[in-house]
Amino acid sequence: MKRHTIWSMAALAAAALMLVFVIQTIRQAEPQRARIAVLTCRDVDVSDAALFAGMERAAEDGKLILNYVIVSPTTTLSNEQALARQEIADGASAVILEPVATAGSGKMAEALSQRAAVVLLGERSDTEPAGHFGSVSADNYAIGVALGKEMRALLPTGGKIAVLPTLDERGSITERRQGIQEALRGSGIEVQADTKGAALLVGLEDSALTDAVESAIAEPERPLVVGVGNSNRNIYALDRGDIADMIVINEFNMGYLAVAEAKRKLSSGLREMEQLRVGNTLVGRNTMFNAENQKLLFPLVR
């Protein structure tokens, strides 16, 4: 009886060892998931922000690991590059980053691309990428033109407007300003530095649009507000009528494409990286509830 028990225990031990061996073999056979560092100036909220939800979806599809690094919007481009280099040194195979400034972004991306796949997010570089690094952005000049045309419709007899933010080194903001200037030629609409007394306030990106709404609410004669946005707070402001019209960039698609472009480079090192564009839509209070705009405004709702 004792001998039978001993043999049973030995068999169980052998089976356990075999199971451990099989698990280790399977783990070794599975390819190690590549890690992508995402350097962003935004608050990362995957459950709420369409941009990061798009990234997570692409990471799930591509079996990738994302590591988010929060960059202060007041930092310098050299500091941002140092953070990216540290992520690469710590094992990141690719870097997706929102440049804090456009001037010098091409040189930074070129240098980082020698060590990892690089995708610029929301901005195009100030130099020719030559396939060495990628980017995903909106057509920012066209966005500015669309905003300018909407302003002309809202102020047919002219008036004074204020554009926020007043200072910004990102090329996307500069291009939107240029588009607005082109669209407003001969309109009788004047741009002033202060929000006080303006007939209309413009927010060139989401946080600036929020600031424009807050400034408008504080005015005794409330000005109209238009701009570029996608956050829940600005969607609700549009629904309340605090925003007349809002251009919404397809940020879910932007996030997905950024991760997918990095994945394609990792899968084929000789492949030239692409400069990709995402779409945008002008949404008003009276159009925000149609089916297509609902998908754009609330991409996480199924």
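It should be emphasised that the depicted structure is a prediction, and the values quoted were computed from it without experimental measurement. Along each chain, residue indices are assigned from 1 in the same order as the chain's sequence is written. Totals for whole chains, interfaces and linings use all residues, but because this is a predicted model, local features are given only for residues with pLDDT of at least 70 and pairs of side-chain atoms are given and counted only at 80 or more. Hydrogens and water molecules were not included; the side-chain quantities draw on all heavy atoms of the structure.

1. Topic: the sheet that holds strand β8 (residues 200–203)
Pairing within the open sheet is mixed, and its 6 strands lie in the order β7-β6-β8-β9-β10-β12. At either end of the open sheet lies a strand with only one pairing partner, and these are β7 (189–192) and β12 (280–284). Averaged over all pairs of adjacent strands, the angle between strand axes in this sheet comes to 25°, irrespective of strand direction. Of the strand pairs in this sheet, strand β6 (residues 159–164) and β8 are connected by 4 bridges, and their pairing is parallel. Paired with Ala-162 across the two strands is Leu-201, which belongs to β8. In this fold helix α7 (residues 206–218) packs onto β6, β8, β9 (224–228) and β10 (245–249), with an angle of close to 175° to the strand it touches most, β9. Note on pairing: two strands pair once DSSP finds at least 2 bridges between them. Each helix is a run of H or I in the DSSP string that is no shorter than four residues. Each strand is a run of E no shorter than two, and both are numbered from the N terminus. In this analysis, axes come from line fits to C-alpha atoms, helices being fitted only over the stretch in contact, and the angle between any two N-to-C directions falls in the range 0 to 180 degrees. Whether two residues touch is decided by their heavy atoms; if any such pair falls within 4.5 Å, the residues are in contact.

2. Examining the nonpolar core
Within soluble globular proteins, side chains that are nonpolar generally end up buried alongside one another. Membership of the largest hydrophobic core comes to 41 residues, with the highest contact counts inside it found for Ile-36, Met-55, Ile-96, Leu-147, Met-151, Ile-161 and Val-202. Here, nonpolar core refers to any group of buried Ala, Val, Leu, Ile, Met, Phe, Trp, Tyr and Cys residues whose side-chain atoms link them within 4.5 Å. Here's how the labels work: a residue is buried when its accessible area is under 20% of the maximum for its type, exposed when over 50%, partly exposed in between, all with a 1.4 Å probe on protein chains only. Formed by 20 residues, the second largest nonpolar core is a distinct cluster that contains Ala-162, Leu-201, Ile-235 and Met-288.

3. So, the confidence of the model for the protein chain
Chain-level statistics for the protein chain give a pLDDT mean of 89 and a share of 88% at 70 or above. Taken together, the stretch residues 25–30 has pLDDT below 50 and engages in 0 contacts with residues farther than four places along the chain or on a different chain. For every residue, the pLDDT score states the predictor's confidence, bounded by 0 at the bottom and 100 at the top.

4. Some remarks on the pairing of β9
When you tally the buried positions in β9, you get 4 out of 5 residues, the bulk of the element. Note: β8 against β9, 4 bridges, orientation parallel. Across the sheet, residue Leu-201 finds its bridge partner in β9, namely Val-225. Orienting the strands away from the viewer, one traces the path from the first strand over the helix to the second; a clockwise path indicates a right-handed crossover. In this region the chain leaves β8, passes through α7 and returns to the parallel neighbour β9; the handedness of that crossover is right-handed. Strand direction decides the pairing type here: β9 and β10, joined by 3 bridges, are parallel. Bridged to Val-226 within β10 is Asp-245. Between β9 and its parallel partner β10, the chain crosses via helix α8 (residues 232–240), and the hand of that crossover is right-handed.

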